Amino acid sequence: MKPASKLDAFFSNPTAAVCMAVLCNVLWGSAFPFIKMGYRLFAIEAADTPSIFCFAGVRFLLSALLVWLLGTALRRGPIPMPRGRVLGECCALGLWQSTAQYAFYYTAVALLTGAMGGILNSTQSFMGVILAHFLYGQADRLTPRKALGCVLGFGGVLVATLGNHGGGSPLGMVCMLIASAIFALAGPWNKSVTKKADPFAVSCLNLGVGGAALLVMGLVMGGSLHPQSVGAVPVLLFLAFISGAGYVLWSLLMKNNPVSRIAVFGLIIPVMNVLLSAVLNGEPLFEWQYLAALALVCCGIYLVNKPKKSVVQ
């Protein structure tokens, strides 16, 4: 059996899929505060959009390199790259999911607090579940149980932010909502592409093409990167790891599972965001709203992933 088949078998296992979805979203949930830290370490101001694009572009290019190295190591040989129309589709996905989404996302990060960014970013989970209902019909429909799970999960997100009163500019809010919508729309597309090409190749092209486009845009607009301390590069490398690992996990999960089952785990991102921001900012961690939020999110995830009862004939 080929390594890719073994990976598919692993990621299609319900228990493994849940664990990998949690890990993936925990990684992504840690990105927001570390991106803000990166802006500070590279002396990037909120209004310096060109340098923000450069920062994002370098991160994703490094992520693409990490994905390529990991895929080559796991396969013990070169990653099979797609050709022709499939190659063009992978590149187009990169321009959509990496370039377009993160152009808005990185702009929003500079303009929003962590709490508000987490609340708005959580909308991608609901968009993904609802979108799957219309795209896949009975195969991935929005049942009352799934709807209740989403409501509970979003309730947990709201509870997590009580007392924090996150805020930001209207432009930042609009940018985050647009980024969330792009991410949700990219889910089914990613699922379709990974059926035609190796998931590592898809992730590598997604990140590489998207990152190159962001970097070129930033440089043409006059952006640049100037590390202000020795911690700047490690933070950038950690962000590259988050992105590379996250994209590979997400591609394999989307390929082997219903979109709605995986999309709902995005609810972990804002909770993780708030918790980690609290730790980094020295705020109290074990507040009632954090514990209540985690309980609600777990209940929401359970309801969405609860298997149907089999009917005995």
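These notes cover the structure that comes with them.

Okay, the overall build of the protein next. Secondary structure summary: the protein contains 14 helices and 0 strands in total. Reading the helices (α) and strands (β) of the protein from amino to carboxyl end gives α-α-α-α-α-α-α-α-α-α-α-α-α-α. Relative to its 313 residues, the protein shows a buried fraction of 53%. Restricting the contact set of the protein to residue pairs at least 6 apart, pairs at least 24 apart contribute 89%.

Turning our eyes to something else, we now look at helix H2 (residues 14-29). With 16 residues, H2 should cover 22 Å at 1.5 Å per step; its first-to-last C-alpha distance of 22 Å lies within 8% of that length. Among the residues of H2, those classed as buried are Ala-16, Ala-17, Met-20, Ala-21, Cys-24, Asn-25, Leu-27, Trp-28 and Gly-29. Between the side-chain oxygen of the N-cap and the backbone nitrogen of Thr-15 there are 3.0 Å, and the N-cap of H2 in question is Asn-13.

What follows is about the side chain of Ser-203. Tracing the chain through its elements places Ser-203 in helix H10 (residues 199-220). Residue Ser-203 is classed as buried on the basis of its relative accessible area, which comes to 0%. Not counting residues within four places of it along the chain, the set of residues in contact with Ser-203 comprises Val-67, Tyr-247, Val-248 and Ser-251.

Let us look at the nonpolar core. Among the nonpolar cores identified, the biggest contains 76 residues, and Trp-28, Ile-35, Tyr-39, Phe-55, Tyr-105, Tyr-106 and Leu-239 are the most heavily contacted of them. Examining the composition of this core, we find that 13 residues originate from one element, helix H11 (residues 232-256), more than from any other. With sequence-adjacent residues up to four places away left out, Phe-55 is seen in contact with Ile-35, Gly-38, Tyr-39, Phe-42, Ile-44, Tyr-106, Leu-225, Leu-236 and Leu-239.

Thresholds, definitions, all that
- Residues numbered from 1 in each chain as written.
- Predicted model: local features only at pLDDT ≥ 70, side-chain atom pairs only at ≥ 80, totals over all residues.
- Heavy atoms only, no water.
- Helix = DSSP H or I, 4+ residues; strand = E, 2+ residues; numbered from the N terminus.
- Buried < 20%, exposed > 50% of the residue type's maximum accessible area, 1.4 Å probe, protein only.
- Contact = heavy atoms within 4.5 Å.
- Expected span 1.5 Å × (residues − 1).
- Polar contact = N/O pair within 3.5 Å; in protein donor to acceptor, adjacent residues only side chain to side chain.
- Core = buried A, V, L, I, M, F, W, Y, C linked by side-chain atoms within 4.5 Å.

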